[in-house]
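So the chains spell out like this:
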Amino acid sequence: MFQALLKRGRVLPIEVPKPKVSPGSVLIKVVNSCISSGTEISSVRGSSKGLIRRALDQPGNVKKAFGMLKKDGIANTLSNIKDKLDMPIPRGYSIAGMALAIGDGVRDIQPGDKVAAAGGGYALHAEFVDVPKNLVMPMPDRLDYPSASTVALGGIAMQAVRRANVKIGEFTVVYGTGIIGLLAVQMLKLSGARVIAIDLDKNRLQIALDFGVEAVFCPSDPDYIRSIMHY
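The residue count restarts for each chain, going from 1 along the sequence in the order it is written. Note on the predicted model: pLDDT of at least 70 is required for a residue's local features to be given, and 80 or more for side-chain atom pairs to be given and counted; whole-chain, interface and lining totals, by contrast, use all residues. Computation of side-chain values: all heavy atoms of the structure, hydrogens and water removed.

**Q** Help me out: how do you make sense of the overall build of the chain in this one?
**A** Counting from the N terminus, the helices are the DSSP runs of H or I reaching at least four residues and the strands are the DSSP runs of E reaching at least two. Helix and strand counts for the chain come out as nine helices and 11 strands. Within the chain, buried positions represent 33% of all 231 residues. Should any heavy atoms of two residues lie within 4.5 Å, those residues are counted as being in contact. Of all intrachain contacts in the chain linking residues separated by at least 6 positions in sequence, the fraction that spans at least 24 positions is 61%. Taken as a whole, the chain presents about 13900 Å² of accessible surface, with 58% of it coming from carbon and sulfur. Relative accessibility under 20% of the residue-type maximum defines a buried residue, over 50% an exposed one, and the middle range a partly exposed one, all with a 1.4 Å probe and only protein chains included. Only the protein chains shown count as cover for residues, and all accessible areas are computed by the Shrake-Rupley method using a 1.4 Å probe.

Here you go:
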C-alpha cells in the first residue's frame, strides 16, 4: 500500500507493508483523510531545515545531543542524528473509511461499517490503517466521508470547550483562530457564551467576526490584554 511520509521538507507517497489488525483495534480502508493545514505545513517546513536551524528552534534537543556526545562520542552522535533526519515520518491524525477487520475484544464495530478515526500515529494519510478501538467511532448514516474525516479537529475543539466549563453569558477568549480555534468559536457561541478572538492574521479575525464574536484583537497591539480586561 502507499502512505504519505514526510522527509526533509517533502511529502512523498511511499510503498509500505499493509498493516494487520491488532487485538483491540480496527483495520480501516481509508476513504478520506483530513489535512490540517496549519499543523501539517508547519511540520513540512520544519523538516526542511538544516541541523543547526533545528537545534536553534528546539533547544531541548541540543541538551539531548550533548548527552549523546558524552556517552557515544561525536562520530556516533552525528550518525544517529543524521539517521533520524533522514527517517521518513508518517503524517495524519484524522480519517474516515470502512472497517475491514476487527481485533480481539472489539464488540460494537463490524467489518463493513463506515467509521471515523482520530489519533496521531494511527489515523494516518495511508490506504489502510490499524487504529485502537477507543479512537474509532461509527459514522452516522447521513454523514459523508469527507466531513467525517475531520473528526479529530472537531473533537479537539469540543474537548477544549468542555474542559473550560463555560456558563451561559460568560466571556471567553479564543487565542488563535485557525481551523480548531474557529470551531471552538462556533461551539462557544452555540453554548451561549460571549466570545472574543485573538490572532495575528486579520483574515482569520474577519472570519471570526463573521461567526459572531463580539470583538477581535491582535497580539501586536501592546495594550491588547488591557483592552480585553476592560471590554
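**Q** Looking at this model, I keep getting lost on helix 6 (residues 151-164). Mind explaining?
**A** Along an α-helix, residues three or four apart share an orientation, since each turn contains 3.6 residues. Expected helix span is taken as 1.5 Å per residue step, with the number of steps being one fewer than the number of residues. Compared with an ideal rise of 1.5 Å per residue, which puts 14 residues at 20 Å, helix 6 spans 20 Å between its outermost C-alpha atoms and is within 8% of the ideal. The inward-facing, buried residues of helix 6 contact strand 5 (94-102), strand 6 (114-118) and helix 7 (179-190).

**Q** Help me understand the sheet that holds strand 5, please; the structure alone is not making it clear to me.
**A** Across a sheet, paired strands are connected by hydrogen bonds in the backbone, their directions being either parallel or antiparallel. Any two strands are treated as partners once DSSP identifies two or more bridges connecting them. Spatial strand order, 7-3-5-6-8: five strands in an open sheet with antiparallel pairing. At either margin of the open sheet sits one strand with a lone partner, and together these are strand 7 (128-132) and strand 8 (136-138). Pairwise comparison of adjacent strand axes, ignoring direction, gives a mean angle of 45° for this sheet. With three bridges joining them, strand 6 and strand 8 adopt antiparallel strand pairing. Looking at strand 8, one finds that Val-115 is bridged to Pro-138. All axes here are fitted lines through C-alpha atoms, helices being fitted over the stretch that makes contact, and every angle between N-to-C directions spans 0 to 180 degrees. Sheet strands in contact with helix 6 are strand 5, strand 6 and strand 8, and its direction is about 55° off that of strand 6.

**Q** I would appreciate a short explanation of the pattern of salt bridges in the present structure.
**A** Side-chain pairing between opposite charges can occur once the charged atoms of the two side chains come close. Between Lys or Arg on one side and Asp or Glu on the other, a salt bridge is scored when a side-chain nitrogen of the former is within 4 Å of a carboxyl oxygen of the latter. Evaluation of the coordinates by the stated rule reveals three salt bridges. Here Arg-194 and Glu-214 are joined by a salt bridge, their closest N and O atoms 2.7 Å apart. One end of the pair, Arg-194, is in strand 10 (residues 194-198); the other, Glu-214, is in the loop between helix 8 (202-210) and strand 11 (215-217), and 20 residues separate them in sequence. According to the relative accessible area criterion, Glu-214 is partly exposed, its value standing at 31%. The residue Asp-199 makes a salt bridge to Arg-204 at a minimum N-O spacing of 3.8 Å.

**Q** What exactly am I supposed to notice about the environment of Ile-89 here?
**A** Along the chain, the position of Ile-89 falls in strand 4 (residues 89-90). Since its relative accessible area comes to 38%, Ile-89 is described here as partly exposed. Distance from Ile-89 to Lys-7, taken between C-alpha atoms, is 6.5 Å for residues 82 residues apart in sequence. Among all residues touching Ile-89, those that are not within four sequence positions of it are Ala-4, Leu-5 and Leu-6.

**Q** Mind showing me how you'd approach the packing of helix 6 against helix 7 here?
**A** When two helices pack together, their arrangement is captured by the angle between the axes and the distance separating the axes. With their axes 9 Å apart at the nearest point, helix 6 and helix 7 run at an angle of 50° to one another. Compared by their axis directions, helix 6 and helix 7 come out oblique. Relative to helix 7, helix 6 is oriented so that their crossing is right-handed. Along the contact surface, helix 6 presents Leu-153, Gly-154, Ile-156, Ala-157, Met-158 and Val-161, while helix 7 presents Ile-179, Ile-180, Leu-183, Ala-184, Met-187 and Leu-188. For the contact of helix 6 with helix 7, the per-class residue count stands at 11 nonpolar, one polar and no charged. In these notes the angle categories are as follows: under 35 degrees is roughly parallel, over 145 is roughly antiparallel, 65 to 115 is roughly perpendicular, and the rest is oblique. Crossings are assigned a handedness: left-handed for a near helix turned anticlockwise from the far helix by less than a right angle, right-handed for a clockwise turn. Residue classes follow a fixed rule: Ala, Val, Leu, Ile, Met, Phe, Trp, Tyr, Cys and Pro count as nonpolar, while Asp, Glu, Lys and Arg count as charged, and any other residue, Gly among them, counts as polar.

**Q** How should the sheet that holds strand 11 be read in this particular structure?
**A** With respect to topology, three strands assemble into an open sheet ordered 9-10-11, the strand pairing being parallel. The sheet is open, and its two edges are formed by strand 9 (171-175) and strand 11, each paired on a single side. Across the sheet, the mean angle from the axis of one strand to that of its neighbour is 25°, orientation sign disregarded. Here strand 9 runs beside strand 10; their pairing, made up of five bridges, is parallel. Within strand 10, the position partnered with Tyr-175 by the bridge is Ile-198.

**Q** Is there a simple way to explain the environment of Gly-120 in this structure?
**A** With respect to the element layout, Gly-120 can be found in the loop between strand 6 and strand 7. Sequence separation between Gly-120 and Ser-94 is 26 residues, and the spatial gap between their C-alpha atoms is 7.9 Å. Not counting the four nearest positions on each side in its chain, Gly-120 is found in contact with Gly-92 and Tyr-93.

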